[in-house]
Amino acid sequence: MRRIVLPEVGTFEAWRSAARGLMAEGVPAEEVLWQRGAAEAADLFSTAASPPKAIDPREGASGTVPAAFLNLARTVIWHRDPQRFALVYALLLAVRRDPRLIADRGDPRVARLEGMAKAVRRDIHKMHAFVRFRETGDPDAPRRRFAAWFEPTHLVVEPATPFFARRFGDMDWSILTPDLGAHFEDGRLRFGPGSARPPLPEDAAEELWRTYFRNIFNPARLKVKAMQAEMPRKYWRNLPEAALIPELVTGARRRAALMLEAAPNPVPARAARIAGRLAAERVKPAPVGDREAFLHSLGGCRRCPLWRDATQVVPGEGPSDAPLMIVGEQPGDREDLEGRPFVGPAGALFDRIAAEAGLDRARAYVTNAVKHFKFVPRGKRRVHQSPDRSEIDHCRWWIEQEQEMIRPRLILAMGGTALESLTGSRRDLMKRRGGLEETRDGTPLLVTVHPSYLLRLPDPDRQAQETALFGADLRQAARMVAQLSPP
């Protein structure tokens, strides 16, 4: 039986060195008694009858284990459970045989140690949050001196205090705990034995801290259980603001009621009516059927920022009694320059496939869901950019006006932007393709892709296949228009 006595400072490094030596000798876990310092009892197998044999923990041998195991062991070592050293060493031997074991959270050994590591990390976080320093030295000295008392749940002083050394490197301080003391002097951190709670003086800054805590306390958001979970009662006696908590909790309901009474009154109903009237006056809808008034209003559209960079607005065109309305995405570069829809490469492809499908564009009203060209400049080129939801929503008003003027018996929605504008959603475009839906006013709507989608396909076979499907959609639209049109 081997007994390993580990130091109270540098515990992990000592454990790691000893574990290497034991692992190199092939010593099983049940043959080792681990102990940290003289005060801690040997763990797990301390009742063994055979006498222990001493071993120097500095003797060791090299060994390779996963980094995840070292990270886990480096944290678990600071847990207060007396079995921690034996548990980690047993897992070390198992991981040496099967390195994949460390990633198996279903293994009870790994799960237990992960739970212990989580408790240690939480305790380190609590120490960082709830240590309150009090000034103990001369305020006029070159380096001011402070001290604090803290009672951690686990043995976390050594891994937690480098945080304070980085944060408070311009002053000297001590953090005293029952297990270990941390002392930072002249930029150097050292550790000493634990102590009883010292009589620390009252700090003048604590009244400022209490004032700050009183003012940030929000009684309307008080949740006592959540507060105690984040700030357990065991820490309260070392926190200057804790003396205020009972009073603040007791008066929370009354203070919340006072805050509600002091809140501003709701906006009067007449204000909403006035705002609605002003909005209506700013954007007056064009009279139904009056295309000239519609074009005049559309030409001055400032509903979204796209007008600033576009050359001009691009309205729809076609017969006022067209049985079919074809809605695309937005004008392209050619459309923006000429002021007409579907005159660029995508429009030429559409015209060719429509003619083959028996769909007469001259008898259809052709328009776009967004009326201004959205682009990104790339050198001398203007690269098309898809409209966003806000731009589509602002332009929907114009589509509805066109729909009201034309009153088509069928709408062909080409692409996601048109589909979103007319139905509110572009999801599952390819699944909805070829299907018949309805717009908000009940007009039948046929879904298909935009011709520009066909131009962007790099694979010739895929492009031919998708072009054939697009032609089938246009033939279906032609048949439906013929069926829906009056004799």
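Residues numbered from 1 in each chain as written. Predicted model: local features only at pLDDT ≥ 70, side-chain atom pairs only at ≥ 80, totals over all residues. Heavy atoms only, no water.

Draft legend 1. Here's a closer look at unusual backbone geometry. Located in the positive-phi region is Phe-342, a residue other than glycine, with phi close to 55°. A relative accessible area of 4% places Phe-342 in the buried class. In this structure, Arg-407 is a non-glycine residue whose phi angle is positive, near 50°. Mapped onto the elements, Arg-407 comes out in the loop between helix H15 (389-406) and strand E13 (410-414). (Buried < 20%, exposed > 50% of the residue type's maximum accessible area, 1.4 Å probe, protein only. Helix = DSSP H or I, 4+ residues; strand = E, 2+ residues; numbered from the N terminus.)

Draft legend 2. Local environment of the environment of Ala-24. Within the secondary structure, Ala-24 sits in helix H1 (residues 11-25). Since its relative accessible area comes to 52%, Ala-24 is described here as exposed. On a C-alpha basis, the gap between Ala-24 and Glu-338 in space is 83 Å, while along the polypeptide they are 314 residues apart.

Draft legend 3. Layout of the packing of aromatic side chains. Applying the stated criterion to the full structure yields 16 aromatic pairs. Ring geometry for Phe-133 against Phe-164: centres 6.0 Å apart, planes inclined by 80°, an arrangement best described as edge-to-face. With Phe-133 in the loop between helix H4 (108-130) and strand E4 (134-135) and Phe-164 in helix H6 (residues 162-167), the pair connects residues that are 31 residues apart, well separated along the chain. Assigned by exposure class, Phe-133 and Phe-164 land together as buried. Ring centres of Phe-164 and Trp-173 lie 6.2 Å apart, and the angle between their planes is 65°; this geometry places the pair in the edge-to-face category. Exposure remark for Phe-164: the relative accessible area of 2% places this residue in the buried category. (Phe/Tyr/Trp six-rings, centres within 6.5 Å; stacked < 30°, edge-to-face > 60°.)

Draft legend 4. Looking closely at the packing of H1 against helix H3 (residues 84-97). The N-to-C vectors of H1 and H3 enclose an angle of 45°; their axes lie 11 Å apart at closest approach. Taken together, the axes of H1 and H3 lie oblique to each other. Between H1 and H3 lies a crossing whose hand is right-handed. Contacts between H1 and H3 involve Thr-11, Trp-15, Ala-19, Leu-22 and Met-23 from the former and Phe-85, Val-88, Tyr-89, Leu-92, Leu-93 and Arg-96 from the latter. Residue composition of the contact of H1 with H3, grouped by class: 9 nonpolar, 1 polar and 1 charged. (Axes fitted to C-alpha atoms, helices over the stretch in contact; angles between N-to-C directions. Parallel < 35°, antiparallel > 145°, perpendicular 65-115°, else oblique. Left-handed = near helix turned anticlockwise from the far one by under 90°. Contact = heavy atoms within 4.5 Å. Nonpolar A, V, L, I, M, F, W, Y, C, P; charged D, E, K, R; others polar.)

Draft legend 5. Highlighting the nonpolar core. Judged by nonpolar contacts, the single largest core of 68 residues is most densely connected at Trp-15, Trp-34, Phe-69, Tyr-89 and Trp-173. Broken down by element, this core gets its largest block of residues, 10 residues, from H3. Ranked by size, the runner-up nonpolar core spans 25 residues in total, among them Leu-349, Ala-364, Met-480 and Val-481. (Core = buried A, V, L, I, M, F, W, Y, C linked by side-chain atoms within 4.5 Å.)

Draft legend 6. Region of interest: the side chain of Arg-396. The topology assignment puts Arg-396 in helix H15. Judged by relative accessible area, Arg-396 falls into the buried class, the value being 14%. Engagement of the side chain of Arg-396 in a polar contact is seen with the backbone oxygen of Glu-420, the distance being 3.4 Å. (Polar contact = N/O pair within 3.5 Å; in protein donor to acceptor, adjacent residues only side chain to side chain.)

Draft legend 7. Fine view of the pairing of strand E15 (residues 444-448). Where burial is concerned, most of E15 is hidden: 4 out of the 5 residues are buried. As paired strands, E13 and E15 are joined by 4 bridges and run parallel to one another. Residue Ala-413 lies in a different strand from E15, and its bridge partner there is Val-447. One ladder, built from 3 bridges, connects strand E14 (residues 436-438) with E15; its direction is antiparallel. Note on E15: the bridge partner recorded for Glu-438 is Pro-444. Linking E14 to E15, which pair antiparallel, is a turn of 5 residues; within it Gly-442 sits at a positive phi near 90°. (Pairing = 2+ DSSP bridges.)

Keep in mind these numbers describe shape, not what the thing actually does.
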